[in-house]
Amino acid sequence: MNKKDIPSWILSLDSEDLEFIRKFILNSGSLKDIAKAYEVSYPTVRLRLNRLIQKIELVEDSESEQLVGFIKKLAIEERITLEDARQIIEKYNNEKEGI
């Protein structure tokens, strides 16, 4: 796998985050088991997972804004119509929100 094939959200994580994800997978997603592995409480592990989720969402949100900006630029340059840009952005936002 080439570096260009690795999703940017993975590249944005530090080694501790990646290790947490590895342990999460190896423990079948059991936060209780991960808490034992790290010798911390369940709420501490849950907080760590929540922060990791937020970190990933921030990267994805910034990427989506880049896409929307690119589509708007195409419309401003009249490479696509304003109506096409609006429809593309609307469809993208609906898919992102799971509608």
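Structure first, text after, so check above.
This structure is a prediction, so every number in the text was calculated from the model and none was measured.

S.K.: Just to check I follow, could you spell out the nonpolar core for this structure?
M.R.: In a soluble, globular protein the nonpolar side chains are often hidden away together inside. Formed by Leu13, Phe20, Leu31, Ile34, Ala35, Val45, Leu49, Leu52 and Ile56, the largest nonpolar core amounts to nine residues. Those elements giving two or more residues to this core turn out to be helix H3 (31-38) and helix H4 (42-76). Element by element, the count of residues in this core is highest for H4, at four residues. Leave out the neighbours within four places in its chain, and leucine 49 touches Phe20, Phe24 and Leu31.

S.K.: What am I meant to see in the environment of phenylalanine 70 here?
M.R.: Its place among the elements puts phenylalanine 70 in helix H4. Using a relative accessible area of 45% as the deciding quantity, one classes phenylalanine 70 as partly exposed. The spacing of phenylalanine 70 and phenylalanine 24 is 46 residues in sequence and 36 Å in space, taken between C-alpha atoms.

S.K.: What am I meant to see in the packing of aromatic side chains here?
M.R.: Aromatic ring pairs are described here by two measures, namely the spacing of the ring centres and the angle between the planes. Under the counting rule described, the total for this entry stands at one aromatic pair. For the cation-ring pair, lysine 23 lies above tyrosine 38, with the distance from its terminal atom to the ring centre recorded as 4.2 Å.

S.K.: Where do I start with the packing of helix H2 (residues 15-26) against H3 in this structure?
M.R.: To characterise two packed helices, one gives the angle between the axes of the helices and the distance between these axes. Contact geometry for H2 and H3: axes closest at 9 Å, N-to-C directions at 125°. The orientation of H2 with respect to H3, classified from their angle, is oblique. By crossing handedness, the relation of H2 to H3 is classed as right-handed. Along the contact surface, H2 presents Glu19, Phe20, Lys23 and Phe24, while H3 presents Leu31, Ile34 and Tyr38. Along the lines of polarity and charge, the residues of the contact of H2 with H3 split into five nonpolar, no polar and two charged.

S.K.: How do you make sense of the pattern of salt bridges when you look at a structure like this?
M.R.: Here the idea is simple: oppositely charged side chains can pair when their charged atoms come close. The tally for this structure, following the rule as stated, stands at nine salt bridges. With a closest N to O distance of 2.8 Å, arginine 22 and glutamate 19 form a salt bridge. A residue pair is termed a helical-turn pair when its members lie 3 or 4 positions apart in one helix, as arginine 22 and glutamate 19 do in helix H2 at three residues. Under the relative-accessibility criterion, arginine 22 is labelled partly exposed at 42%.

Basis of the calculations
Residues numbered from 1 in each chain as written. Predicted model: local features only at pLDDT ≥ 70, side-chain atom pairs only at ≥ 80, totals over all residues. Heavy atoms only, no water. Core = buried A, V, L, I, M, F, W, Y, C linked by side-chain atoms within 4.5 Å. Buried < 20%, exposed > 50% of the residue type's maximum accessible area, 1.4 Å probe, protein only. Helix = DSSP H or I, 4+ residues; strand = E, 2+ residues; numbered from the N terminus. Contact = heavy atoms within 4.5 Å. Phe/Tyr/Trp six-rings, centres within 6.5 Å; stacked < 30°, edge-to-face > 60°. Lys NZ or Arg CZ within 6 Å of the ring centre and 35° of its normal. Axes fitted to C-alpha atoms, helices over the stretch in contact; angles between N-to-C directions. Parallel < 35°, antiparallel > 145°, perpendicular 65-115°, else oblique. Left-handed = near helix turned anticlockwise from the far one by under 90°. Nonpolar A, V, L, I, M, F, W, Y, C, P; charged D, E, K, R; others polar. Salt bridge = Lys/Arg side-chain N within 4 Å of Asp/Glu carboxyl O.

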